[in-house]
Each structure stands twice: as structure tokens, then as C-alpha cells.
Amino acid sequence: MSSHKTDKATKTPSIETVTDLTSLRSLNVELKEYLDRTNNAELHELYPGVERMEYDFIAERQNVYATNLVEATAHLIKGCLGAGILGIHEGYMHGGLWTSLATNVLIGFVVQYNMLLLVHSAQKMYIRLRVPKLSYPDLVEAVIATGPLKCIRGLSKVFRYSVDCFLFIGFCSTCCIFEIMIARTIKELMESISTNFKNWQLPISIYILVVAIPLFFISMIRNLKHLAPFSIVADIFCGVCVLITIYYSILERKHDEVRPAWKSVHGLFRFCGICLYSLDGIGVTLPIENSMAKPQYFYIVVQWGMSIVLLSVASVGFFGYWSWGEACRSPITVHMPKDDTSMGAV
């Protein structure tokens with residue numbers, strides 16, 4: 001009988017214990033609010049014996065192959081500069097010259113804000129869950145499962161798998177377009193410099209298979225640190241191509257034609273779709289942040305990276321439509337003279 005009472009007493013906390021725990025929680029909340037307001041670590045001394053209890057996800061990241069700011073910026077630029085930049089001048093043709101330019105800048109700032117908002121929310125979840133990093137599916141599932149909307153907490157797995165599917169569809173379709181563009185470019189290059197390739201008239205599928213071989217081995221590299229040199233070289237090539245495009249756009253400009261500043265609402269929506277396809281990199285934002293050695297400086301990566309992306313896309317679109325007008329076709333390389341040697345002479 002006495003043992004039964006003892007077990008019951010040990011299982012049921014006393015009123016004094018509950019009161020102490022409530023007081024302790026209240027004190028912790030008050031101290032945390034005070035420390036958050038001060039934003040100064042030295043003011044901990046005002047409360048002897050009190051330490052910060054927040055989880056430091058930066059110190060917990062044990063990544064030997066973490067990327068620095070330059071490498072992370074290179075990855076962001078390469079991830080945002082999609083195949084749409086080759087057709088952005090045609091988007092300017094649908095929306096109008098100055099309207100498209102203003103909308104282009106606005107979309108660039110919105111995309112940048114969404115990237116920062118995503119990473120800020122993810123870092124808050126790191127502290128709440130006490131984990132060093134989260135992938136897209138993990139983050140979505142955690143946010144839904146712990147969010148304020150209790151009615152959808154049970155659907156956290158559904159949101160997780162939905163994000164996986166959308167990411168797969170987006171990246172797979174984008175990579176397929178890139179592979180076709182690479183194969184088509186190599187086909188045109190080989191047929192222009194070699195009469196044998198021109199006589200053979202190999203189908204585009206053969207070039208796609210040839211291109212797929214090196215891409216297959218590159219896709220086996222899962223660490224962004226090892227892919228950083230490829231991203232830096234690719235960004236350099238993209239910068240050179242943007243400068244060449246501006247050069248030929250100015251060279252081929254017909255000054256007797258006036259470009260309309262505005263066309264139609266339908267054309268503006270078409271431009272918005274092309275523009276988002278040209279500079280949206282929300283799918284690579286979180287993986288880049290997860291691989292950084294100093295993720296607290298991700299805002300610097302976004303500011304510099306998106307500035308370069310926005311400048312490149314706006315320059316190609318503006319000067320492309322400004323030069324070729326209503327004759328714009330995608331990709332913009334079709335407007336380049338194949339037999340011009342002026343660039344080489346320079």
C-alpha cells in the first residue's frame with residue numbers, strides 16, 4: 001500500500017514543483033526578450049549566471065568542404081542565369097522597351113527579397129529544431145508540422161513530397177533545355193568549321209548523346225566546393241558573352257527605327273514569364289546556404305550575385321530589342337554574324 005502511494009507521488013508533480021517550473025519559464029522568457037532588445041552580448045553581465053541558450057547552428061556545422069563567399073556567389077550567379085537570358089530580348093519585344101526594363105528591375109528585387117526571406121526563415125528553424133541545416137523537403141515538413149495552422153499539421157508529409165516533385169520537374173526540364181542548347185551550338189559550330197561534319201549532317205540526337213557523357217560524370221560530383229571552379233569559369237564565359245552581345249547589338253543598331261515603350265497587358269505577362277525564367281534561382285538558394293562556411297553572410301552573396309544577374313539579364317534584353325526590334329528571335333545568338341572576324345582583330 002505504501003509503495004503504491006510512493007509510486008503515485010513520484011508520478012504526480014507537486015504544486016510547488018509546477019509553480020517553480022512556471023516561474024522559471026517566465027524568467028527565461030523575460031531574460032530572452034531583454035537580451036534580444038539589447039543586441040549586445042556584454043549586457044549578460046547584468047544577470048550573473050545567465051547564459052545564452054540559443055542554438056548556434058554555425059558552430060555546429062562540421063563541413064570540411066564548406067564554400068567561401070566568392071564560391072557561393074559564383075554558384076548563385078550560375079544558378080540564376082538560366083537559359084531564358086538567350087530569349088530575354090524577345091520578352092522585351094512583347095512588353096515594350098522601357099516597360100520591360102522597369103519590370104525587369106522590379107522582378108529582380110522581388111526574387112532577391114524572396115531569397116533572403118527563405119534563408120532567414122530557414123535559419124530561425126535551425127535554432128528552433130537545433131539542427132545545423134535543412135534541405136528543402138525537410139524545411140517544408142518542419143515548418144508545416146510546427147506552424148501555427150494546426151489544421152494542416154497532419155499534411156506535412158504531403159507538402160514535403162510536393163516540394164520534391166516540383167523541384168524535380170523544374171530542374172529536370174531546365175537541364176534538358178540546357179543539354180539541347182549545348183548540342184545545337186556544338187552542331188552549328190562543327191558544321192561551320194568543318195566540311196566533313198557539314199556533309200555528314202548528323203542529327204541533333206547524336207550530339208545530345210555525346211554531350212550527355214561528360215555531363216553524366218559531372219553530375220556525380222555532389223559537393224559544391226568541388227563544383228566551384230566550374231561555376232567560376234562558367235560565370236566568366238557568361239560575362240564575356242554578355243559583353244559580346246552588347247557589342248553586336250550596338251554595332252547592328254538601326255537608328256531609324258523607334259522601339260515602343262509599352263505594348264499590351266498580354267505582352268507584359270509574357271515578358272514576366274520569360275524574365276522569371278531568366279533570373280529565378282530560388283531552387284539553388286538553400287543548398288548554397290547549407291554549404292557555406294559563414295551562412296550569416298548569405299545576404300552579401302545575394303546582394304552581389306543578384307546585382308550581377310540582374311545587370312546581365314537587363315543588358316541583354318534591353319540592347320537586344322533596342323537593336324533588332326520586331327525581328328527578335330530566340331536564342332539571341334542567331335542574330336550574330338557567323339563570318340565576322342572583327343572581334344578577333346580587336
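Calculation notes
Residues numbered from 1 in each chain as written. Predicted model: local features only at pLDDT ≥ 70, side-chain atom pairs only at ≥ 80, totals over all residues. Heavy atoms only, no water. UniProt positions renumbered as here; feature names shortened; annotations may be inferred. Core = buried A, V, L, I, M, F, W, Y, C linked by side-chain atoms within 4.5 Å. Buried < 20%, exposed > 50% of the residue type's maximum accessible area, 1.4 Å probe, protein only. Helix = DSSP H or I, 4+ residues; strand = E, 2+ residues; numbered from the N terminus. Contact = heavy atoms within 4.5 Å. Salt bridge = Lys/Arg side-chain N within 4 Å of Asp/Glu carboxyl O. Phe/Tyr/Trp six-rings, centres within 6.5 Å; stacked < 30°, edge-to-face > 60°. Lys NZ or Arg CZ within 6 Å of the ring centre and 35° of its normal. Polar contact = N/O pair within 3.5 Å; in protein donor to acceptor, adjacent residues only side chain to side chain.

- Per an unreviewed UniProt entry, the chain goes by the name Amino acid transporter transmembrane domain-containing protein and belongs to Iphiclides podalirius.
- Entered under Subcellular location (unreviewed entry) in the UniProt record, the comment concerning the chain runs "Membrane".

**Quick notes on the nonpolar core**
At step 1: Formed by 39 residues in total, the largest nonpolar core has its most connected members in Ile88, Tyr92 and Leu279.
At step 2: The set of elements that each furnish at least two residues to this core consists of helix H4 (69-80), helix H5 (88-95), helix H6 (97-129), helix H11 (224-251), helix H12 (265-279), helix H13 (282-290) and helix H14 (298-324).
At step 3: For this core, the element with the highest residue contribution is H14, accounting for 12 residues.
At step 4: When near neighbours in sequence (up to four residues on either side) are disregarded, Leu279 contacts Cys80, Asn104, Ile107, Gly108, Val111, Met306, Val309, Leu310 and Val313.
At step 5: Counting 12 residues, the second largest nonpolar core, distinct from the first, contains Met125, Leu134, Tyr136 and Val163.

**Details of the UniProt feature "transmembrane region" (unreviewed entry) in the chain**
At step 1: In this structure's numbering, the residues bearing the UniProt feature "transmembrane region" (unreviewed entry) are residues 97-119, 158-182, 202-220, 227-248, 268-286 and 298-324.
At step 2: This span, residues 202-220, is 79% helix and 0% strand, and a straight line between its end C-alpha atoms measures 29 Å.

**Remarks on the pattern of salt bridges**
At step 1: Evaluated as defined, the whole model comprises 7 salt bridges.
At step 2: Among the salt bridges present, the one from Glu289 reaches Arg61, with a minimum N-O distance of 3.1 Å. Of the two residues, Glu289 is situated in helix H13 and Arg61 in the loop between helix H3 (57-60) and H4; the sequence distance between them amounts to 228 residues.
At step 3: Between Asp138 and Arg160 there is a salt bridge, with the nearest N and O atoms lying 2.6 Å from each other. Placement of the pair is Asp138 in helix H7 (residues 136-146) and Arg160 in helix H8 (residues 156-193), with a sequence separation of 22 residues.
At step 4: Salt bridges here are not isolated pairs; linked through shared partners, they connect Asp138, Glu141, Lys157 and Arg160.

**Describing the packing of aromatic side chains**
At step 1: Within the structure shown, the criterion is met by 8 aromatic pairs.
At step 2: Look at Phe318 and Phe319: their rings are 5.5 Å apart centre to centre, the planes differ by 85 degrees, and that puts the pair in the edge-to-face class.
At step 3: The buried category is assigned to Phe318, whose relative accessible area is 14%.
At step 4: Over the ring of Phe178 we find Lys78; its NZ or CZ atom is 5.3 Å from the centre of that ring.

**Points about the environment of Ser264**
At step 1: Following the sequence through the fold, Ser264 ends up in the loop between H11 and H12.
At step 2: Note on Ser264: relative accessible area 31%, which makes it partly exposed.
At step 3: Linking Ser264 and Gly95, residues 169 residues apart in sequence, is a C-alpha distance of 6.6 Å.
At step 4: Within polar-contact distance, the side chain of Ser264 engages the backbone nitrogen of Gly267 at 3.1 Å.

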